[in-house]
Amino acid sequence: MEPSRRPAVSNGNSLEFEGQKLALGEEFVGEPHDLIPMLQKAQKTVGYLPEEILREIARLTGVSLAKVYGVATFYSQFRLQPIGQHSVRVCRGTACHVRGSNRILKDIQSHLHVTDGETTEDRLFTLETVACFGSCALAPVVVVDDSVCGRMNTMKIRTMLDDVRAQADEAPEEESDAQ
Ligand code: FES
């Protein structure tokens, strides 16, 4: 599911996107060799590279949008989709597969309404799959952020994800209480 976005607002040399101001036209000369540094700067500021920003970089550098897109997709350091606050990675390796990782993956997909590689609309979770975590004895394995969760089942992972969401829902109230 595509996360909701606010439209980009262009203002000559700067672009405002999702509340972040990007002044690429002021920081760079706008030569073709600025392409990768601009992509890096934009991703560092916004967190990923939406189409609006790729278009802006194409305009500023005079490089075609197709080439900008080609560079952004060639290098693994660049992301074209936003990532969530929490990563959920499901192992699809052989040991995990024979112990039901596919069922777990499908259940997470239906629970979060995302497919592999997508981020939930509230940007809380990004779901990914990996070939093997190297913890095959604990199969099936799901890694939530940096926590390796072994011998997973659909009930356990749903509970974990619901707990993370509940904590996230409580967080803004705590912040406003502190003000
Ligand atoms: S196959 Fe899943 S951890 Fe190795």
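Values in this document were obtained by computation on a predicted structure and should not be read as measured data.

Novice: It is not clear to me how the overall build of the protein should be interpreted in this structure. Could you clarify?
Specialist: On a plain count of helices and strands, the protein comes out with seven helices and seven strands. Put simply, the protein runs from its N terminus to its C terminus through helices and strands in the order β-β-β-α-α-α-α-β-α-α-β-β-β-α. Looking at the protein residue by residue over its 179 residues, the buried ones come to 23%. Of the contacts made within the protein by residues no fewer than 6 positions apart, 58% connect residues no fewer than 24 positions apart.

Novice: What is the right way to look at the pairing of strand β4 (residues 86-91) in this model?
Specialist: Look at any regular strand and the pattern is simple: side chains alternate between the two faces of the sheet. With six bridges connecting them, β4 and strand β5 (residues 125-130) associate as parallel partners. Bridging across to β5, V90 finds its partner in T129. Here β4 pairs with strand β6 (residues 142-144) via three bridges, running antiparallel. In the sheet register, V90 faces β6, and the bridge partner there is V142.

Novice: What am I meant to see in the confidence of the model for the protein here?
Specialist: One rule of thumb: low pLDDT means the predicted coordinates there are not for detailed reading. Summarising the model, the protein shows a mean pLDDT of 88, and 88% of its residues fall at 70 or more. Contacts from residues 174-179, a stretch scored under 50 in pLDDT, to residues over four places away or in other chains number zero contacts.

Novice: Help me understand the packing of helix α2 (residues 35-46) against helix α4 (residues 65-74) in this model?
Specialist: Each pair of packed helices can be described by the angle between their axes along with the distance between the axes. Between α2 and α4, the shortest axis-to-axis distance is 11 Å and the interhelical angle comes to 65°. Taken as a pair, α2 and α4 cross one another with a handedness that is right-handed. Judged by residue contacts, L35, I36 and L39 of α2 engage V68, V71 and A72 from α4. Its residues assigned to classes, the contact of α2 with α4 comprises six nonpolar, no polar and no charged.

Novice: Got a minute to help me understand the environment of I53 in this structure?
Specialist: Counting through the fold element by element, I53 comes out in helix α3 (residues 51-61). For I53, a count of 25 C-beta atoms within 10 Å puts it in the buried group. Note: C-alpha distance between I53 and F17 (36 residues apart in sequence) is 8.3 Å. I53 has contacts with L15, F17, A42 and V46, leaving out every residue within four places of it along the chain.

Novice: Explanation requested: α2 in the structure shown.
Specialist: An α-helical turn contains 3.6 residues, so any two residues separated by three or four positions project in the same direction. Compared with the 16 Å implied by 1.5 Å per residue over 12 residues, the 16 Å span of α2 between its first and last C-alpha is a close match. Residues L35, M38, L39, A42 and V46 constitute the buried set of α2. Buried residues along α2 cover an arc of 100° about the axis, so they all sit on one side. Every exposed residue of α2 that faces more than 90 degrees away from the buried side is listed here: P37 and K44. If you follow the buried residues of α2, they end up packed against β2 (14-17), β3 (20-22), α1 (24-27), α3 and α4. Immediately downstream of α2, the backbone of G47 shows phi near 105°, a positive value.

About the criteria used
Residues numbered from 1 in each chain as written. Predicted model: local features only at pLDDT ≥ 70, side-chain atom pairs only at ≥ 80, totals over all residues. Helix = DSSP H or I, 4+ residues; strand = E, 2+ residues; numbered from the N terminus. Buried ≥ 20, exposed ≤ 12 C-beta atoms within 10 Å, placed from the backbone. Contact = placed C-beta atoms within 7 Å. Pairing = 2+ DSSP bridges. pLDDT = per-residue confidence, 0-100. Axes fitted to C-alpha atoms, helices over the stretch in contact; angles between N-to-C directions. Left-handed = near helix turned anticlockwise from the far one by under 90°. Nonpolar A, V, L, I, M, F, W, Y, C, P; charged D, E, K, R; others polar. Expected span 1.5 Å × (residues − 1). Arc of directions from axis to C-beta.

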